[in-house]
Amino acid sequence: SDLAPYATHPLASRGRLIAEDECNTRSVFQRDRDRIIHSTAFRMLEYKTQVFVNHEGDYYRTRLTHSLEVAQISRSVCRQLRLNEDLGEALALAHDLGHTPFGHAGEDALDEMMQPFGGFDHNAQTLRIVTQLEKRYANFDGLNLTWETLEGVAKHNGPLLKKAEDFSILPRAMQDYARTHDLELTEHAGLEAQIASLADDIAYNNHDVDDGLRAGLFTLEDIRSVPFIARVFEEVETTYPKLHEQSRFVHEAVRRLIRLMVADLTRTTAANIAASGVETVEDVRRLGRPLAEFSAEMMENNRQLKAFLMRHMYRHYKVNRMTSKARRVVREMFALFISEPECLPEEWRRQVDAKGSQKCAVIVADYIAGMTDRYAMQEHGRLFDLSATNV
């Protein structure tokens, strides 16, 4: 294979928790990717949004289109660095599986309601989905993914523990899993997971620029206040002086922004790898610091862009109103289900031991977290609107 020695090699995988005969036409990581794509949770991403609510317009990105964009970027960078593209793609496709309806507003509300029961964390929920909640296979719950894919799901943002015994600081779902399967949570993940995490940053920053402009939350003039963006806008204007159609102008600018960030990530990571002297994926894990990163200049560009989006988009009054509604929907459903679990659909109700218990709270959180934006609104209506007939 043309993989670099410090890439994650499929033939050297630590394997699956439950032994299976492997496929003779696909590598273990290609198989992991395919299982993720065929999962119910992946399909649900089509109707979950990040900033807007799903019914607000067909132009805005959903978690599904975002995950596909992250996968494309992750795969491209992995290819240039001779890393395992299939693993980089699998991790990018899986990274948002645990997200609640209504983006971060939904997650914040669910975390708040789950505080007495260990809180809620979307990364831990992703691990729970791929190891337990997907019920597709005759021999096991979850997707029975390889150790390397599970490691990347858990640790793509870096080590979760300083010392191996600090389990109590982990999100509850992560604690539960870590007690049965050692994902080496004190170490960094392989390079593919590190790349997938930064590909996520590249995709959502740039696409929020596009979506925010489409939604009229800010103008081209507003965003020129970010020097990095202003320079790219000037380049597009110089190259295409007669381009007056805003949508094409924005697309030209966004593709250049993505290209600049991808090139910077690839260049900086390659230099870090060379300077570190790592020779194997185990060296990468034990290094004690991430190798995949942006240059200091690009990190500052990124910081300025995030600050602009926070001020002009995520805190825009229209978005605030929507997130306020979203939080209320999640809080009210959680409060009702935990005190009246008999209102849960039958397949969920069967799993509850007693109302208000830890197990009941976890089942309710699993049910709500799995909802799409649209389903959450419909379910809330069925529960609270006295005139609703289709309960």
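In this report, we go over the structure that sits alongside the text.

In this section: helix α17 (residues 358-369). Taking 1.5 Å per residue, twelve residues should reach 16 Å; α17 reaches 16 Å between its end C-alpha atoms and fits that length. As for α17, its buried residues are in contact with α5 (103-113), α6 (122-133), α8 (172-178), α15 (317-339), α16 (346-349) and α18 (373-384).

At their nearest, the axes of α15 and α18 sit 10 Å apart, and the two run at 50° to each other. Between α15 and α18, the crossing angle belongs to the class labelled oblique. Like other packed secondary-structure pairs, α15 and α18 cross with a definite hand, here left-handed. Taking contact as the criterion, the partners of Val329, Glu332, Met333, Leu336 and Phe337 in α15 are, on α18, Ala376, Glu379, His380, Leu383 and Phe384. Across the contact of α15 with α18, the residue classes tally to seven nonpolar, one polar and two charged.

This part takes up the packing of aromatic side chains. Following the criterion strictly, the structure yields six aromatic pairs and no others. Ring geometry for Phe218 versus Phe308: centroids 5.1 Å apart, planes at 85°, classification edge-to-face. A residue pair is termed long-range when its members are at least 10 positions apart, and Phe218 in the loop between α9 (191-214) and α10 (220-223) and Phe308 in helix α14 (residues 296-314) qualify at 90 residues. This pair shows no difference in class: Phe218 is buried, exactly as Phe308 is. The interplanar angle of 80° and the centroid separation of 6.4 Å between the aromatic rings of Tyr367 and Tyr375 together place this pair among those described as edge-to-face. A relative accessible area of 6% means that Tyr367 is categorised as buried. Since its relative accessible area comes to 31%, Tyr375 is described here as partly exposed. A network of ring pairs unites the aromatic residues Phe337, Trp348, Tyr367 and Tyr375 as a single cluster.

Let us look at the nonpolar core. In terms of nonpolar packing, the biggest core is built from 87 residues, with Ile36, Leu97 and Ile223 touching the most fellow members. When sequence neighbours within four positions are dropped, the list of residues in contact with Ile36 reads Phe42, Ala90, Leu93, Ala94, Leu97, Leu143, Leu145 and Thr149. One finds Phe102, Val330, Met333 and Val362 within the second-largest nonpolar core, a separate group that totals 30 residues.

Here helix α4 (residues 85-94) crosses α9 at 45°, and the two axes come no closer than 8 Å. As summarised for this structure, α4 and α9 are arranged oblique, according to the angle between their axes. Remark: the crossing between α4 and α9 carries right-handed chirality. In this structure, α4 uses Leu87, Gly88, Leu91 and Ala92 to contact α9, whose residues at the interface are Glu192, Ala193 and Ala196. When grouped by side-chain class, the residues that make up the contact of α4 with α9 number five nonpolar, one polar and one charged.

Calculation criteria
- Residues numbered from 1 in each chain as written.
- Predicted model: local features only at pLDDT ≥ 70, side-chain atom pairs only at ≥ 80, totals over all residues.
- Heavy atoms only, no water.
- Helix = DSSP H or I, 4+ residues; strand = E, 2+ residues; numbered from the N terminus.
- Expected span 1.5 Å × (residues − 1).
- Contact = heavy atoms within 4.5 Å.
- Axes fitted to C-alpha atoms, helices over the stretch in contact; angles between N-to-C directions.
- Parallel < 35°, antiparallel > 145°, perpendicular 65-115°, else oblique.
- Left-handed = near helix turned anticlockwise from the far one by under 90°.
- Nonpolar A, V, L, I, M, F, W, Y, C, P; charged D, E, K, R; others polar.
- Phe/Tyr/Trp six-rings, centres within 6.5 Å; stacked < 30°, edge-to-face > 60°.
- Buried < 20%, exposed > 50% of the residue type's maximum accessible area, 1.4 Å probe, protein only.
- Core = buried A, V, L, I, M, F, W, Y, C linked by side-chain atoms within 4.5 Å.

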